[in-house]
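# Fold and contact review
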Amino acid sequence: MIDTALLIEEHASGTAIILNSMKNLHSVIMSDVNLTGFMPKHWHGNLSYIDLSVNKLKGKIPSSLTELENLVYLNLSLNELNGSIPESFGDLSSLQNVSLGSNSLSGSIPDSFAAISGLVHLDLGSNQLNGSVPKFISDMRKLKYLNLEKNNFHGVFPFNASFIKKLVVLKVGENSNLCYNHSTLSKKVNLGISPCDKHGLPMSPPPSKEINSDDSDDSEDYADDESVQKQHSHGPSKAVLGIAITLSSIVFLIIFLILLAKCCK
């Protein structure tokens, strides 16, 4: 059996370009070719690699896609897909790389994802996904890349430090209702989300400890006034003392000259 890849580099009007007659098709690579319309509902069952990223595909991810038991790589990122991720997505148990980022997908991450234990790369960032972050993701022992940023996830971030440490890339920022347990994770771990309060809700950011510039100016002025007061309290200034010494010298010189004149007579 010949392993055939369909690689399109010119503009295409739709995904109907996938030919039904190509029975040995294993890979479909149509990235950034201006594809429009909806995703096809029928797929070759022996497909193992699909890349339809950076196009203008719209509508929902068809549930028929989840029937591809041999699929290892799926990239649908940077399209205009909407709706929820199919509940049967976990049937793609051979998947190692999933990229659904930068669409308009909504709803929660299906529980069936737990069946995809061999995932290495999971990108769900920049969508409108909600619900809590599933704890079962931490059971994916081969996972190295996890992107959940820029969504609407809420609740307590469920992963511990050991799981985070094994990841090469972790992105969870810009989920305003998501927070982490500060008793479990150190503040030094920059996740881009707030620590949780005792109710499991994001804490407001702590007040700034920086001194207000106006207050610092006032304190400097006060210090200057105080130093002036100290100078006055300690007696006359150096300038006054200098004038007094000069005048005393002149008076002494005049008296000395008068006495000298009398002696000479």
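Residues numbered from 1 in each chain as written. Predicted model: local features only at pLDDT ≥ 70, side-chain atom pairs only at ≥ 80, totals over all residues. Heavy atoms only, no water.

A word on the state of the cysteines. Considering all chains together, one arrives at one disulfide under this definition. What pairs with cysteine 179 in a disulfide is cysteine 196, and their sulfur atoms sit 2.0 Å apart. What sets the handedness of the cysteine 179 and cysteine 196 disulfide is the S-S torsion sign, and at about 100° it is right-handed. Separated by 17 residues along the polypeptide, cysteine 179 in strand 15 (residues 177–180) and cysteine 196 in the loop between strand 16 (194–195) and helix 2 (213–233) bring together distant segments of the chain. Residue cysteine 179 shares its accessibility class with cysteine 196, and that shared class is buried. (Disulfide = S-S within 2.5 Å. Helix = DSSP H or I, 4+ residues; strand = E, 2+ residues; numbered from the N terminus. Buried < 20%, exposed > 50% of the residue type's maximum accessible area, 1.4 Å probe, protein only.)

Applying the stated criterion across every chain, the model contains four aromatic pairs. Pairing tyrosine 49 with tyrosine 73 gives two aromatic rings, centres 4.2 Å apart and planes at 0°, and the pair type is stacked. With a gap of 24 residues between them, tyrosine 49 in strand 4 (residues 49–51) and tyrosine 73 in strand 6 (residues 73–75) connect regions that are remote in the sequence. Since its relative accessible area comes to 29%, tyrosine 49 is described here as partly exposed. Summarising the aromatic geometry, the rings of phenylalanine 159 and phenylalanine 163 are spaced 4.7 Å apart at their centres and angled 55° between planes, so their arrangement reads as tilted. (Phe/Tyr/Trp six-rings, centres within 6.5 Å; stacked < 30°, edge-to-face > 60°.)

Model confidence for the chain is summarised by a mean pLDDT of 80, while 72% of its residues fall at 70 or above. In the predicted structure, residues 1–16 sits below a pLDDT of 50 and forms 40 contacts with residues beyond four places in sequence or in another chain. This model gives residues 206–235 a pLDDT under 50, and the stretch forms one contact once residues within four places in sequence are excluded. (pLDDT = per-residue confidence, 0-100. Contact = heavy atoms within 4.5 Å.)

With that settled, the discussion passes to the sheet that holds strand 15. With parallel pairing, eight strands are arranged side by side in an open sheet as 3-5-7-9-11-13-15-16. Looking along the sheet, the strands with just one partner apiece sit at the ends: strand 3 (36–38) and strand 16. Where strand 7 (residues 80–84) meets strand 9 (residues 104–107), three bridges bridge the pair, whose relative direction is parallel. Bridged to glycine 83 within strand 9 is leucine 105. (Pairing = 2+ DSSP bridges.)

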